[in-house]
Amino acid sequence: MVVVVGAGYAGISVAEKLREKGVEAKVYDMRGKGGELAEFAKIDELKEYYAKYIEKVDESEVEVIKGCVVSTNPFKVISPQGLEVKKEDGFFICTGAVDLTPAASEIYGKRVAGIYTLETAIRLLAMGKRIGNKVLVVARKEEDILKPLERYLVEKDFEVEVLLSKEPAEVYGSRRVERVEIGGESVSCDALVVYGGRIPFNPKNLKGKLAGNVVECTYDYEKVEKNVQSIMF
Amino acid sequence: MKDVLIVGAGVTGSFIAKELSKYDLDVVVVERKSGPGLDQTKGCSGIIHPLQLPFGSLKSKLCLKGNAMMDAEAEELGFTFKRVGLILVATNVITFLAIPIIQLYFRLNGVVSKRLSKKKVLEMVPNVREDIWGGLFLPTAGVVNPVEMTASAIRFAKANGVEVHYDCEVTGIERKGEGFVVKTTKGDFEARCVINCAGLYADDIARMVGYEMTITPGKGTHIVFAERGFSNHLTVAIPLKPNKRTKGGGALIGFDGKPLWGPNLIDVDSKEDTSVKKEEIEGIIEKFSPLFKRRPEGVVAFYAGLRSIAGTDFVINQPVDGFINVAGIQSPGLTAAPAIAKMVIEMLSSRFEMKRKEDIKRPRWTRLSEMDDERIRKAIDENEDFGEIVCLCNMVSKAEIIKALEEGGCFDTVRHLTWAGMDCCKCHAEIMRIIEEKSGKVKKEIEESEIVW
C-alpha cells in the first residue's frame, strides 16, 4: 500500500492524483486534514486569499487518518489509539515547511515574550488569540501572504507596521517586547512577528518521494501546486 | 515554624532542597520565577566540567567532587547526563609541546586525561581542521539539560515533603528569636534557618541580614546550531595564555547533541541584561570557527545567561547564626551543585538532629522519546495523551507537556523541561494552547510576562 504522510494541500493533492490513477493511498497527518490551510481558513482575509486551495482540500473525499508517522522503514505511527508498526510499499512525504527561527532571521536582543515567527503568529490568530496590540512585522523577503494578513490585523484593530528589511534587528523589553531597533530606527511595539523564510519540516527524516512545500518552502501555494504537478506527471 | 527556608529554586537551591528532603525536616523553597531553574541556571551552557582552575580553590574542589557524584545523582533523580568528554585541541606547536605538562598538572590534581594523536583527534571530530597538532581527552566532562537537572531535584524534594512556592519574591528578612521571619510577595514565612541561594540577587538577600557583599553579573552568550553530530564531544582549543576569569567557552554540544558555541564573558550593569548583541555572535563565530573546516549548519537560537560573580570564588558561609550564604555560584556551579548540597547539610548538622527518613520516594519522569515500542504502547494505553505528539522534532507528547506544567506553570518551564519546541517553532502555538487550556493563562517565565492575549 502507498502512504502519504501529511494531509495539507500537497498531501491531499497527491492522494487525489493517485486516486485518478487507480491507486488508493492511505493519508496520515499528526493534526488532521488541511495542514496550515486549516489555520488560514479561520482567518477571513487568508481564507479568501487561499480560497481555491482551501476549497480543494474541503471538497476532497480523501480520508485522513489522524496519527503521527515517526518512521517509514519500518512504518511506525503513533496516535491516541496506540502504536502501529507494519510494512508499507511506497511513501510520499508531504510534511510541509516551517519558518526559520528568529535567531536564524537575524533577530538579536532580549528573548522576551511577544516574539513570534510568522507561522506561530498565524496559528495563534487562527485560535482567536490577540498576539499583542502594536505589531511590528519584519520580513526578510517578500511574501504575498503578508498583505492579506496586514488587512486582517488592521481590521481587528491591531496597530501594524510591516517592514521589508534585511537589516539585523534588536529586541528591547523587560518582560515583553517594548521596542525593536532596526536599520538605525527604533520602532515601539509590543509584538514582533518575524518572517525570515521557510525550510522543510521533516524532522524524522522520513524517506520517500518529497512533494509540495517540502521541496521549495514557501507560503505561495502556486509553487506547492507546481511541485505536486511535476511529481505526479 | 519551618526548619529551613531556601531562597531560590535554581540548581543550588534545588539540590540543597533535594538533599534536605531525605531528613526529618520541615523545608520550604521560595522562588521569584514561575518555575525551577529559570534564571541563572537556564542561561548556562549545561556542561558538567571535568575540572576548574585554580586547583585548591573552593569552586575547584566542589567541581571535582560534584563531577564524581553526577552519575549517581542522574540515576537517583532520573535526569539525562551524558559523559561525552572534552577534547582540548593543540592548534599550534607551542600548545602541542605543552600537552605533557598539562597532563601531568591535571594528574597531580586528580584529573584523568588521555593524550590524543592528531589522527585520533581527526577521527573523533571529523570536522576539525587538518592542520591541528594533537589533543588531550578529558573523559569525565559531560552534558545535561540544566533546567531538567534542577526540576528533577525539585520534583524529588516535593515528593519527599518539601513545600515550593513560585512567583514568590523575598522582600525582607527579620530576626525573630532564634529564627527569622522571611517576608515575601506571597506572605510571611517563619524559619529557623535561611539558606540564600538567590543567585544574581544573593547580595540583596544577604544585605537583609546585614551581610555586605556584591554580586556582579557576567554575561555569557551562546549560539545553538541545528546540525546534530557535527561534533560528538566538547571541543576547545588550548589557549596560549589562560584567562583567569573564564575557561573561555568552546565548541560545546548540548545534551541533545546540537552544537552549542560559547559562552563569552561580558561584564554588564544590569542583572536582567540577557540581551544578545550581533557583535557577540560574530565574536563567538570568529573565535571558534578556526578550529573547524566548516561551520555547523542551521542556526536555531541565540541565548545569553548571567553568571553571579562575587570575587573569584564561591561564597559559602554563615555570617549570621542560622543564615547560610550559597552565593557567587558562577561556573562551574552546575557541576558543583550536588557537592554544594552536601557541604550545606554538613553546615546544618550542628544545628539540627539530621535524622534520615526511612521511606524516601523517587519520582520518575516519563519521556516518550526514550521508550521502546512496548513501553510506548503501554504508556498510551494508560494515558492516551502520550499518543498525541506535540513536538515531532524532540518527540514530546501532550502528556509530558501537561505534566511539565505541574513543575512550573509557564512556557519556559514546559519548553526547557520537555525540550518541546527547542529545534524549531512549529509547535509553539500548540504548546501555548495546551498551557492555556490547563492553566487559563500563558506566561513566559514569570508573572507579568504574558505571551499572548
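None of these values were measured; they are calculated from a predicted model. (Residues numbered from 1 in each chain as written. Chains lettered and ligands numbered in written order. Predicted model: local features only at pLDDT ≥ 70, side-chain atom pairs only at ≥ 80, totals over all residues.)

Counting its secondary structure elements, chain B contains twelve helices and 22 strands. Its C-alpha atoms give chain B a radius of gyration of 22 Å, near enough to 22 Å, the size a compact globule of 453 residues would have. Projected onto the principal axes, the alpha-carbon positions of chain B cover approximately 65 × 50 × 45 Å. Intrachain contacts of chain B at a sequence separation of at least 6 include 72% that bridge at least 24 residues. (Helix = DSSP H or I, 4+ residues; strand = E, 2+ residues; numbered from the N terminus. Rg over C-alpha atoms; globule rule 2.2 N^0.38 Å. Contact = placed C-beta atoms within 7 Å.)

With that settled, the discussion passes to the domain arrangement of chain A. Think of interface size as the accessible area that goes away when the parts come together; that is how it is often given. Residues and elements named next belong to chain A. Domain boundaries assigned for chain A yield domain 1 (2–98 + 198–232) and domain 2 (101–195). Of note, the centres of domain 1 and domain 2, computed from C-alpha atoms alone, are 28 Å apart. The dominant element in the side of domain 1 that touches domain 2, judged by the number of residues it contributes, is helix α3 (residues 44–49), at four residues. Its residues placed into classes, the side of domain 1 that touches domain 2 shows five nonpolar, no polar and five charged. (Domains from an automatic or database assignment. Nonpolar A, V, L, I, M, F, W, Y, C, P; charged D, E, K, R; others polar.)

Before going further, it helps to spend a moment on the domain arrangement of chain B. Residue and element names in this part refer to chain B. By the assigned domains, chain B splits into domain 1 (2–63 + 146–214 + 311–348), domain 2 (86–139 + 216–309) and domain 3 (368–439). Summarising the inter-unit geometry, the C-alpha centres of domain 1 and domain 3 are found 29 Å apart. In this complex, domain 1 contributes ten residues to the contact, which on the side of domain 3 involves eight residues. The residue makeup of the side of domain 1 that touches domain 3, split by class, is five nonpolar, two polar and three charged.

On to the interface of chain A and chain B. Taken together, the contact between chain A and chain B spans 35 residues of the former and 39 residues of the latter. Of all elements in the fold, only β5 (75–79), β6 (82–86), β8 (97–99), β9 (107–109) and α5 (118–126) of chain A reach the threshold of two or more residues within the side of chain A that touches chain B. Top contributing element to the side of chain A that touches chain B by residue count: α5(A), with four residues. A class-by-class count of the residues in the side of chain A that touches chain B yields 17 nonpolar, eight polar and ten charged.

A separate point is the sheet that holds strand β8 (residues 142–144) of chain B. Note on sheets: strands pair through backbone hydrogen bonds, and any given pair is parallel or antiparallel. Residues and elements named next belong to chain B. As summarised here, the arrangement of the three strands in space is β3-β8-β4, forming an open sheet in which the pairing is antiparallel. Taken across any chain shown, the strands that pair with only one partner, and hence form the sheet edges, are β3 (47–48) and β4 (81–82). Bridge analysis of β4 against β8 gives two bridges, and the strand direction is antiparallel. Looking across to β8, one finds that F81 is bridged to V144. (Pairing = 2+ DSSP bridges.)

Residue and element names in this part refer to chain B. Here helix α11 (residues 411–418) lies mainly inside the structure; eight of its eight residues are buried. Where α11 is concerned, the buried positions are F411, D412, T413, V414, R415, H416, L417 and T418. One or two steps after α11, the chain reaches W419, where phi turns positive at roughly 75°. (Buried ≥ 20, exposed ≤ 12 C-beta atoms within 10 Å, placed from the backbone.)

The subject of this paragraph is the packing of helix α1 (residues 11–20) of chain B against helix α8 (residues 333–348) of chain B. Residues and elements named next belong to chain B. In the contact formed by α1 and α8, the axes pass within 8 Å of each other and the chain directions differ by 40°. Taken together, α1 and α8 sit at an angle that is classed as oblique. Helix-helix and strand crossings are classified by hand; for α1 and α8 the assignment is right-handed. The segment α1 lies against α8, with V11, T12, F15, I16, K18, E19 and L20 engaging G333, L334, A337, P338, I340, A341, K342, V344 and I345. (Axes fitted to C-alpha atoms, helices over the stretch in contact; angles between N-to-C directions. Parallel < 35°, antiparallel > 145°, perpendicular 65-115°, else oblique. Left-handed = near helix turned anticlockwise from the far one by under 90°.)

Glancing now at the packing of helix α2 (residues 58–77) of chain B against α8(B). Residues and elements named next belong to chain B. The N-to-C vectors of α2 and α8 enclose an angle of 90°; their axes lie 6 Å apart at closest approach. Relative to α8, α2 is oriented roughly perpendicular. Here K59, L62, C63, K65, G66, N67, M69, M70 and E73 of α2 come into contact with α8, specifically with T335, A336, A337, P338, A339 and I340.

On to the nonpolar core, then. Counting residues in hydrophobic clusters, the biggest one holds 225 residues, and the most contacted among them are A:L192, B:V89, B:I195 and B:I340. If we ignore the near neighbours within four places in the chain, the residues touching B:V89 are B:V121, B:V128, B:I132, B:G135, B:T235, B:V236, B:A237, B:I238 and B:L291. (Core = buried A, V, L, I, M, F, W, Y, C linked by C-beta atoms within 7 Å.)

Residue and element names in this part refer to chain A. As summarised here, the arrangement of the four strands in space is β10-β16-β11-β12, forming an open sheet in which the pairing is parallel. Two strands bound the open sheet, and with one partner strand each, they are β10 (115–117) and β12 (159–164). Strand after strand, the sheet turns through a mean of 20° between neighbouring axes, direction not considered. With five bridges joining them, strand β11 (residues 134–139) and strand β16 (residues 191–195) adopt parallel strand pairing. Counted as the bridge partner of V137 is V193 from β16. Sitting on the sheet, α5 is in contact with β10 and β16, with an inclination near 95° to β10. The sheet strands contacting helix α6 (residues 146–155) are β11 and β12, and the helix crosses β12 at an angle near 160°.

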